[in-house]
Amino acid sequence: MAVLKVKFTKTKRDKLAQILWILNWVSVVSGIILFSLGLFLKIEIKKRSEVMAKGDINSVPNMLISVGVVACIINFLGGKICYDCSDANKFSRWKLVMLPYIVCTFCFTFCILVGALMCYTMRNELEESLYLGLRDAIKFYKDTDIPGRCFLKKTVDLLQIGFHCCGNNGFRDWFEIQWVSARYLNMASKDVLDRLKSNVDGKFLVDGVPFSCCNPSSPRPCIQYQLTNNSAHYNYDFLTEELNIWVKGCREALLDYYTAIMRSIGIAALLIWLFELSVLIGVRYLQTAMKNVLLLGDLEGESDGWLLENSFVETAKYNISIIKNLGKANQISTVSSLNDPNIDVQNTNCGKTNDVTKSIPAAR
């Protein structure tokens, strides 16, 4: 029994073909939107690739870009097919193409759904990439004279100023590394030498943060050194957390920023998926209705259209049987030749007729 069978008159078939022609052109625009969203996300990730570890974080924008390009191509072809389907004579030349086109469109529509869901599952990979990337960027913050790392100081400073953040997890991350370059240390100072000797690794560690961690909206001058020393500053208590530096970590700030972008892109991709699915259903109805018109032979009469010719269970069993039987046609049978009359059939006359040999009479 057909699933969701609908009866179509010639007028309804023509209107359906015209509506689908318009919707396919709208789908071309939706493909351009998907492409643009993927490109935008890729550019945003590329902007801060210096503070991200290499990983699969580009899989989502690459998926959206690819799906957007395929959407433009498929929907452009679909618009042409639907426009010709208003005429039964023109439909005959697309009859063999319609079913493969619907299958390809279904796979492409499924890819849109996958891309939308990936926007919501990318958070863990992005968080790990940001954690490792920011950790290395802060570690090499002082290496302004080393090729390949000289840009990291500027990158981290602009990041902390722009996103109102400090450190990887927080401002205390700067207490654990030597972020002041050795070229700016006064080796003649007893305090500097004592601090270097007191550390097992010989690092110059301070309870301070770079200037880019300062909050410019604070009513008092920025306190970026001796943050844990209350006696070094007037009316100051670092335990109250009322510091005039950014307290939020850059990993959390960037994660919130990219999560908001991907959530918006995911919602847009889901809406496009629903729209493409409705177009696909309409094309399927049009294909089955026009096919039945040709079978009936009455181009002006009514015809049935459906989503599936048989029930879901029967359709699933049929497709599973096709998959199981794939390749069996090329297998060589090991059964004895007695069971197959087409194997080992001896024919020594090479197609000649078995004429009876006439005997020659002996001479007397």
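These numbers were taken from a predicted model, which means no experiment stands behind them.

Asks: For this particular structure, what's the right way to read the overall build of the protein chain?
Replies: Secondary structure summary: the protein chain contains nine helices and two strands in total. Ordered by position from N to C terminus, the α and β elements of the protein chain give β-α-α-α-α-α-α-α-α-β-α. Here the protein chain, with 364 residues, has 37% of them falling under the buried criterion. Long-range contacts, defined here as pairs at least 24 residues apart, represent 73% of the contacts in the protein chain between residues at least 6 apart. Element-wise, carbon and sulfur atoms account for 61% of the exposed surface of the protein chain, whose accessible area totals about 22600 Å².

Asks: Quick question: what am I supposed to make of the side chain of Asp143 here?
Replies: For Asp143, the position within the fold is in the loop between α5 (123-139) and α6 (152-163). One polar contact links Asp143 to Lys142, side chain to side chain, over a distance of 3.1 Å.

Asks: How should I be thinking about the state of the cysteines in this particular structure?
Replies: What we call a disulfide is simply a covalent bond connecting the sulfur atoms of a pair of cysteines. For the coordinates displayed, the defined rule picks out three disulfides. There is a disulfide in this structure between Cys166 and Cys213, and the S-S distance comes to 2.1 Å. The sign of the 85 degrees torsion about the S-S bond sets the Cys166-Cys213 disulfide as right-handed. Within this pair, whereas Cys166 is found in the loop between α6 and α7 (190-198), its partner Cys213 is found in the loop between α7 and α8 (250-296), the two being separated by 47 residues in sequence. By relative accessible area, which is 0% here, Cys166 ends up buried. The partner cysteine of Cys214 in its disulfide is Cys222, sulfur to sulfur 1.9 Å.

Asks: For this particular structure, what's the right way to read the UniProt feature "transmembrane region" (unreviewed entry) in the protein chain?
Replies: Annotation from UniProt places "transmembrane region" (unreviewed entry) at residues 20-40, 60-78, 98-120 and 265-286. Note that residues 265-286 is 100% helix and 0% strand, and that its end C-alpha atoms are spaced 31 Å apart.

Asks: Even after reading the chapter, I still don't get a nonpolar patch on the surface, so can you show me in this structure?
Replies: A contiguous nonpolar patch, built from Trp21, Ile22, Trp25, Val26, Phe76 and Tyr83 and spanning about 620 Å² of accessible area, is present on the exposed surface. Those elements that place two or more of their residues in the nonpolar patch are α1 (10-47) and α2 (59-84). With respect to the helices and strands, the residue Val26 is situated in helix α1.

Asks: Can you walk me through the side chain of Ser30 in this structure?
Replies: Mapped onto the fold, Ser30 is located in helix α1. With residues up to four places along the chain from it excluded, the contact list for Ser30 reads Ile272 and Glu276.

Asks: How should I be thinking about the confidence of the model for the protein chain in this particular structure?
Replies: The predicted coordinates of low-pLDDT regions are not to be read in fine detail. With 83% of its residues at a pLDDT of 70 or more, the protein chain shows a mean pLDDT of 81. No element of the protein chain has a lower mean pLDDT than helix α9 (residues 312-324), which averages 68, and none a higher one than α6, which averages 93.

Asks: What's the story with the pattern of salt bridges in this structure? I'm lost.
Replies: A pair can form between side chains of opposite charge whenever their charged atoms are brought close. Going through the model one piece at a time under the given rule, you end up with eight salt bridges. Two residues, Glu44 and Arg48, come together in a salt bridge whose shortest N-O distance is 3.4 Å. Look at Glu44 and you get buried, because its relative accessible area is 5%. Relative accessible area serves as the criterion here: at 18%, Arg48 is assigned to the buried category. Here Asp157 makes a salt bridge to Lys153, at a shortest N to O gap of 3.1 Å. Residue Asp157 and its partner Lys153 are both found in helix α6; the two are separated by four residues, about one turn of the helix. With a relative accessible area of 31%, Lys153 lands in the partly exposed category. Salt bridges here are not isolated pairs; linked through shared partners, they connect Glu44, Lys47 and Arg48.

Asks: Sorry if this is basic, but what is going on with α8 here?
Replies: Three or four residues apart is the spacing at which side chains of an α-helix point the same way, because the helix has 3.6 residues per turn. Look at α8: 68 Å from first C-alpha to last across 47 residues, which is about the 69 Å you get at 1.5 Å a residue. Backbone geometry just after α8 places Gly297 at a positive phi near 85 degrees.

Asks: Honestly, the nonpolar core in this entry has me stumped. Any pointers?
Replies: Among soluble globular proteins, nonpolar side chains are generally buried collectively. Counting residues in hydrophobic clusters, the biggest one holds 78 residues, and the most contacted among them are Leu126, Phe171, Trp174, Val209, Leu227, Val283 and Leu286. Mapped by element, the contributors of at least two residues to this core are α1, α2, α4 (95-121), α5, α6, α7 and α8. In this structure, this core is formed jointly by two domains, domain 1 (2-137 + 252-317) and domain 2 (171-247), each of which donates at least three residues. Val209 has contacts with Cys166, Phe171, Trp174, Phe175, Trp179, Gln224, Leu227 and Ile245, leaving out every residue within four places of it along the chain.

Asks: Just checking my understanding: could you explain the packing of α5 against α8 for this structure?
Replies: At a closest axis distance of 10 Å, the pairing of α5 and α8 adopts a crossing angle of 145 degrees. Pair α5 / α8 crosses with right-handed handedness. Here Arg123, Leu126, Glu127, Leu130, Tyr131 and Leu134 of α5 lie close against α8, whose contacting residues are Cys250, Arg251, Leu254, Leu255, Asp256, Tyr258, Thr259 and Met262. Of the residues assigned to the contact of α5 with α8, the class counts are nine nonpolar, one polar and four charged.

Asks: How should I be thinking about the packing of α6 against α8 in this particular structure?
Replies: When two helices pack together, their arrangement is given by the angle between their axes and by how far apart the axes lie. Their axes nearest at 10 Å, the elements α6 and α8 cross at an angle of 65 degrees. Here the hand of the crossing between α6 and α8 comes out left-handed. Contact residues: α6 offers Leu159, Gln160 and Phe163, while α8 offers Cys250, Ala253, Leu254 and Tyr257. Here the contact of α6 with α8 is built from residues that sort into six nonpolar, one polar and no charged.

Each value, and the rule that gives it
Residues numbered from 1 in each chain as written. Predicted model: local features only at pLDDT ≥ 70, side-chain atom pairs only at ≥ 80, totals over all residues. Heavy atoms only, no water. Helix = DSSP H or I, 4+ residues; strand = E, 2+ residues; numbered from the N terminus. Buried < 20%, exposed > 50% of the residue type's maximum accessible area, 1.4 Å probe, protein only. Contact = heavy atoms within 4.5 Å. Areas by Shrake-Rupley, 256 points an atom, 1.4 Å probe, with all protein chains shown as cover. Polar contact = N/O pair within 3.5 Å; in protein donor to acceptor, adjacent residues only side chain to side chain. Disulfide = S-S within 2.5 Å. UniProt positions renumbered as here; feature names shortened; annotations may be inferred. Patch = residues over 30% accessible without salt bridge, like charges linked within 9 Å, V, L, I, M, F, W, Y side chains within 5 Å. Salt bridge = Lys/Arg side-chain N within 4 Å of Asp/Glu carboxyl O. pLDDT = per-residue confidence, 0-100. Expected span 1.5 Å × (residues − 1). Core = buried A, V, L, I, M, F, W, Y, C linked by side-chain atoms within 4.5 Å. Domains from an automatic or database assignment. Axes fitted to C-alpha atoms, helices over the stretch in contact; angles between N-to-C directions. Left-handed = near helix turned anticlockwise from the far one by under 90°. Nonpolar A, V, L, I, M, F, W, Y, C, P; charged D, E, K, R; others polar.

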